[in-house]
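# A look at the structure
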Amino acid sequence: MKMIDDCLPDMYVKSVYDIDYKKLYDDGIRYALFDVDSTLLPFDNIDVRDEHLKLFDGIRSLGIQTALYSNGSYKRVKPVADMLNVKFVASAHKPVYKGFKVIREMFDDKCEPVNTIFVGDSLLVDMLFADKCGVKKILVDYIPDDGFNIKGKVVWLIQVAMSKALENKGFSYGKKYYLSKGE
């Protein structure tokens, strides 16, 4: 069950807007990576709204640098990154871990796992990837899309099964979760 344990988030909140970025900054976080599909926007949607712009401007105003790290295609992720004015990696192939080097290069080699967070919606993909990187893992709820997305539905079914396996660790969807320092 090691792989399932590796997917356990350090924090779970409903959305990217529920994260206390000031507290993260106070705790030493200086770099924040975000998944795009179903974390910031519904799958295959590039409709960046004012609330997204305000969120990213607010995070940056605290002193936290932001970037996107997505399995989405270049043509999908680049417009979102451009609108948010952030660096990005597209077609990232998470949860495959290519080394922290790619992430460090986005931030001019100044970030380290200890001062970096990854925010995503998937236990299997995003949290496992973040665990391999050694960064703080923040899980948010999946943002549903309007159409039928078979890949998203399959991932969601796997996620539900995984979350059941994590209940003995105190994790439960719909309930804020913070991993105790002692675990």
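Residues numbered from 1 in each chain as written. Predicted model: local features only at pLDDT ≥ 70, side-chain atom pairs only at ≥ 80, totals over all residues. Heavy atoms only, no water.

Right, let's talk about the overall build of the protein for a bit. When helices and strands are tallied, the protein shows seven helices and seven strands. Across the 183 residues in the protein, those meeting the buried criterion constitute 47%. A separation of at least 24 residues holds for 67% of the contacts in the protein among residues at least 6 apart in sequence. Here the protein has roughly 9,200 Å² of accessible surface; of this, 56% comes from carbon and sulfur atoms. (Helix = DSSP H or I, 4+ residues; strand = E, 2+ residues; numbered from the N terminus. Buried < 20%, exposed > 50% of the residue type's maximum accessible area, 1.4 Å probe, protein only. Contact = heavy atoms within 4.5 Å. Areas by Shrake-Rupley, 256 points an atom, 1.4 Å probe, with all protein chains shown as cover.)

For Ile-29, the location among the structural elements is in the loop between helix 2 (21-26) and strand 2 (31-34). Ignoring anything within four residues of it in the chain, the contact list for Ile-29 reads Leu-24, Ile-64, Val-114, Asn-115, Thr-116 and Ile-117.

Ranked by size, the top nonpolar core spans 28 residues in total, and within it Tyr-21, Phe-34 and Leu-68 carry the most contacts. Elements supplying a minimum of two residues to this core: helix 2, strand 2, helix 3 (50-62), helix 4 (74-84) and strand 5 (116-120). Leaving out residues up to four positions away in the same chain, Phe-34 has contacts with Val-16, Tyr-21, Leu-40, Phe-56, Ile-59, Thr-66, Ala-67, Leu-68, Tyr-69, Phe-118 and Val-119. One finds Ala-67, Ala-92, Phe-107 and Ala-130 within the second-largest nonpolar core, a separate group that totals 16 residues. (Core = buried A, V, L, I, M, F, W, Y, C linked by side-chain atoms within 4.5 Å.)

This brings us to the confidence of the model for the protein. Averaged over all residues, the pLDDT of the protein is 87; the fraction at 70 or higher stands at 90%. Highest mean pLDDT in the protein belongs to helix 3 (98); lowest belongs to strand 7 (residues 177-178) (62). (pLDDT = per-residue confidence, 0-100.)

Let's shift gears to the pairing of strand 2. Residues Tyr-31 and Leu-33 point to one face of strand 2 and Ala-32 and Phe-34 to the other, with burial holding for every one of them. The pairing of strand 2 with strand 3 (residues 65-69) spans four bridges and is classified as parallel. Residue pairing in the sheet places Ala-32 in a bridge with Thr-66 of strand 3. Once you follow strand 2 into helix 3 and on to strand 3, the crossover reads as right-handed. Across four bridges, the pairing between strand 2 and strand 5 is parallel. Each bridged residue has a counterpart across the sheet, and for Leu-33 the counterpart in strand 5 is Phe-118. (Pairing = 2+ DSSP bridges. Right-handed = clockwise from strand over helix to strand, strands pointing away.)

Structurally, the α-helix is built with 3.6 residues per turn, so residues lying three or four positions apart point the same way. Across the eleven residues that make up helix 6 (residues 123-133), a large majority, eight, are buried. Buried within helix 6 are the following residues: Leu-123, Val-125, Asp-126, Met-127, Leu-128, Phe-129, Ala-130 and Cys-133. You can read the cap of helix 6 off the contacts: a side-chain oxygen lies 3.4 Å from the backbone nitrogen of Leu-124, and it is on Ser-122. (Polar contact = N/O pair within 3.5 Å; in protein donor to acceptor, adjacent residues only side chain to side chain.)

The final tally for this structure, using the stated rule, is twelve salt bridges. Put simply, Lys-94 and Asp-126 hold a salt bridge, and the shortest N to O gap is 2.6 Å. One end of the pair, Lys-94, is in the loop between strand 4 (87-89) and helix 5 (101-106); the other, Asp-126, is in helix 6, with 32 residues separating them in the sequence. Owing to a relative accessible area of 6%, Lys-94 belongs among the buried residues under this scheme. With relative accessibility at 2%, the residue Asp-126 sits in the buried group. (Salt bridge = Lys/Arg side-chain N within 4 Å of Asp/Glu carboxyl O.)

Once that is clear, we can look at the pairing of strand 5. The buried fraction of strand 5 amounts to five of the five residues, a majority that puts the element mostly inside the structure. Neither face of strand 5 is open: one carries Thr-116, Phe-118 and Gly-120, the other Ile-117 and Val-119, and all of them are buried. Where strand 5 meets strand 6 (residues 136-139), four bridges bridge the pair, whose relative direction is parallel. Bridging across to strand 6, Gly-120 finds its partner in Leu-139. Handedness of the crossover joining strand 5 and strand 6 through helix 6: right-handed.

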